[in-house]
Amino acid sequence: MDFAGAYTPDNLKFLVDGFLVTLKVAVISIILSFIIGGILGIIRYAKVPLLSKIVAVIVETIRNLPLILIIFFVYFGLQDPSRGWSLNMSVTTAAIMALTIFESAMISEIIRSGLNSVPKGHIEAARSSGLNYIQTLIHIILPQALRNMVPPIVSQFISLLKDTSLAVIIALPELTHNGQIIYAQNGNYIYPILILVALMYFVVNYGLSLVARTLEIKRA
Amino acid sequence: MDFSILAENMDMYLEGFLKTIQISLLALVGSFFLGAVIAVMRIAPFKPLNWIGTAYVEFVRNIPLLIIAFLFYYGAKMPGFAAGSLALTIYTAAFIAEAIRAGILSIHKGQMEAARSSGLTYGQAMRMIVLPQAIKVVIPPLGNQFINLVKNSSILAVIAGGELMYQADLISLHTFVVFDVYIFVAIFYLVITIPLSLGVGYLEKHLAKSS
């Protein structure tokens, strides 16, 4: 183990660069997933005939597949030369797309259970005081539900940050990938680099989990 | 879809499928025992044990599974299958520990106090009074962890673990087909995970009603 050799300024900068890519991909994916997952969650909650059923099947299918398969599928499957398909997608686009597909399904469930957590009596009261369904949704259900959703969404963001590491299989230049490049040069760097990379993930994720916990305590 | 891909490579698909099931069961048993030990450490009336348990859970939960697998595969130079099983066990144990701990904490304190005052030791009270009741609360989240395990076992593809996803990589390398190969892989995964998640959903409803 060669800690001094592994932690040169160049190598550290390379890891930080990777970490910035990790964060960028994670943040863009979570924002997109929140929007798409929100729409899907509301559709399932509202029990729109047929449409809700279709969304349920899609969401359940995606939730039950490994993310690494989805990443592979988006990057290689959608640009399958044997079918003559080529989208010329960059690895970053592919990673964001795959993570968004997977996380949207996860977040739609969080949104749905958040909406379901609003007591029925509130909805009935709102309807009987003359609000229509959409008004009830916007003014009564969503504000209460959103508060309940914040902690699980933060946890989901933590798992998204960890999951970005799976994009090594398509060589996205994120933290895990950059770490791999460094220790591929010298076997003595393996432990020092992996430990440092683990710590970098840990610091951000643990910080986020503390935020989630504080929010949960405030809510209770 | 080109079903000849499936037919011609059935042996590889099946080999991967069985490996995926095998590794998931192996890691489930391992992580259940490790997780139970850590859960008990976290609630035992002895501070240093609490700290060790908490440190384990917080550290493992907040780093990617892949990094743990790399530590064993590249660091300790273990074969892919062993490195992957060990990493999955260590990673999943942290989540199972939390599920078990939540289950134990959901049992009313009076149960433990009553057991202790009728002469049982802490270990006996835990084993004979608290744990049997906690199990009911713990089963649905354990089921969810098993689903996660099956899905997470796919990371073995990155370290040559020989499971479903890895076999698929090999098939697509020698057939030059990507799309169809992975559609069939997806179906193999769904064959395991969909029944599991329906089962967990049923248990959640059923156990919630009975308590």
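Note that the structure is predicted; figures quoted are calculated from it, not measured.

(A) The arrangement of the packing of aromatic side chains in detail. Per the counting criterion, the structure on display carries 17 aromatic pairs over all chains. Their ring planes at 55° and their centres at 5.4 Å tell us that Tyr183(A) and Tyr74(B) sit as a pair that is tilted. In this pair, Tyr183(A) sits in helix H8 (residues 175–185) while Tyr74(B) sits in helix H4 (residues 65–75), so the two residues belong to two different chains. We classify Tyr183(A) as buried; its relative accessible area is 6%.

(B) Structural view of the interface of chain B and chain A. Each partner contributes to the interface: chain B provides 38 residues, whereas chain A provides 40 residues. When chain B packs against chain A, close to 3,200 Å² is buried across both sides, 72% of that on carbon and sulfur atoms. Our count for the chain B to chain A interface comes out at one salt bridge. Our enumeration of links across chain B and chain A arrives at 10 residue pairs in polar contact (both at pLDDT 80 or more). Among the secondary structure elements, those contributing two or more residues to the side of chain B that touches chain A are helix H3 (47–61), H4, helix H5 (80–105), helix H7 (122–152), helix H8 (164–175) and helix H9 (179–210) of chain B. The leading source of residues in the side of chain B that touches chain A is H9(B), at 11 residues. By residue class, the composition of the side of chain B that touches chain A is 27 nonpolar, five polar and six charged.

(C) Broad picture of the packing of helix H2 (residues 10–43) of chain B against H5(B). Residues and elements named next belong to chain B. At a closest axis distance of 5 Å, the pairing of H2 and H5 adopts a crossing angle of 45°. As judged from the angle between their axes, H2 and H5 are oblique. The interaxial crossing formed by H2 with H5 has right-handed handedness.

(D) Region of interest: the nonpolar core. In this structure, Tyr13(B) and Tyr182(B) are the most contacted members of the largest nonpolar core, which totals 108 residues. Per-element tally for this core: the top contributor is helix H5 (residues 91–116) of chain A, with 13 residues. Excluding anything up to four places from it in sequence, Tyr182(B) contacts Leu69(A), Phe72(A), Phe73(A), Met165(B), Ala168(B), Asp169(B) and Ser172(B). In this structure, Ala39(B), Ala97(B), Met112(B) and Leu142(B) belong to the second largest nonpolar core, which totals 16 residues.

(E) Geometry of the environment of Asp2(A). All names here are of chain A. Position of Asp-2 among the secondary structure elements: in the segment before helix H1 (3–6). When the C-alpha atoms of Asp-2 and Ile-140 are compared, they prove to be 59 Å apart, with 138 residues separating the residues in sequence. Not counting residues within four places of it along the chain, the set of residues in contact with Asp-2 comprises Asn-188, Tyr-189 and Pro-192. A polar contact of 2.9 Å, which involves the side chain of Asp-2, links it to the backbone nitrogen of Gly-5.

(F) How the structure looks around unusual backbone geometry. Its identity as a non-glycine residue notwithstanding, Leu50(A) has a phi of 65°, on the positive side. Mapped onto the elements, Leu50(A) comes out in the loop between helix H2 (9–46) and helix H3 (51–63). What makes Leu50(A) exposed here is its relative accessible area of 64%. Positive phi outside glycine occurs at Lys77(B), with the angle close to 55°. Looking at the secondary structure, you find Lys77(B) in the loop between H4 and H5.

Definitions and limits used
Residues numbered from 1 in each chain as written. Chains lettered and ligands numbered in written order. Predicted model: local features only at pLDDT ≥ 70, side-chain atom pairs only at ≥ 80, totals over all residues. Heavy atoms only, no water. Phe/Tyr/Trp six-rings, centres within 6.5 Å; stacked < 30°, edge-to-face > 60°. Helix = DSSP H or I, 4+ residues; strand = E, 2+ residues; numbered from the N terminus. Buried < 20%, exposed > 50% of the residue type's maximum accessible area, 1.4 Å probe, protein only. Contact = heavy atoms within 4.5 Å. Buried area = accessible area lost by both parts, 1.4 Å probe. Salt bridge = Lys/Arg side-chain N within 4 Å of Asp/Glu carboxyl O. Polar contact = N/O pair within 3.5 Å; in protein donor to acceptor, adjacent residues only side chain to side chain. Nonpolar A, V, L, I, M, F, W, Y, C, P; charged D, E, K, R; others polar. Axes fitted to C-alpha atoms, helices over the stretch in contact; angles between N-to-C directions. Parallel < 35°, antiparallel > 145°, perpendicular 65-115°, else oblique. Left-handed = near helix turned anticlockwise from the far one by under 90°. Core = buried A, V, L, I, M, F, W, Y, C linked by side-chain atoms within 4.5 Å.

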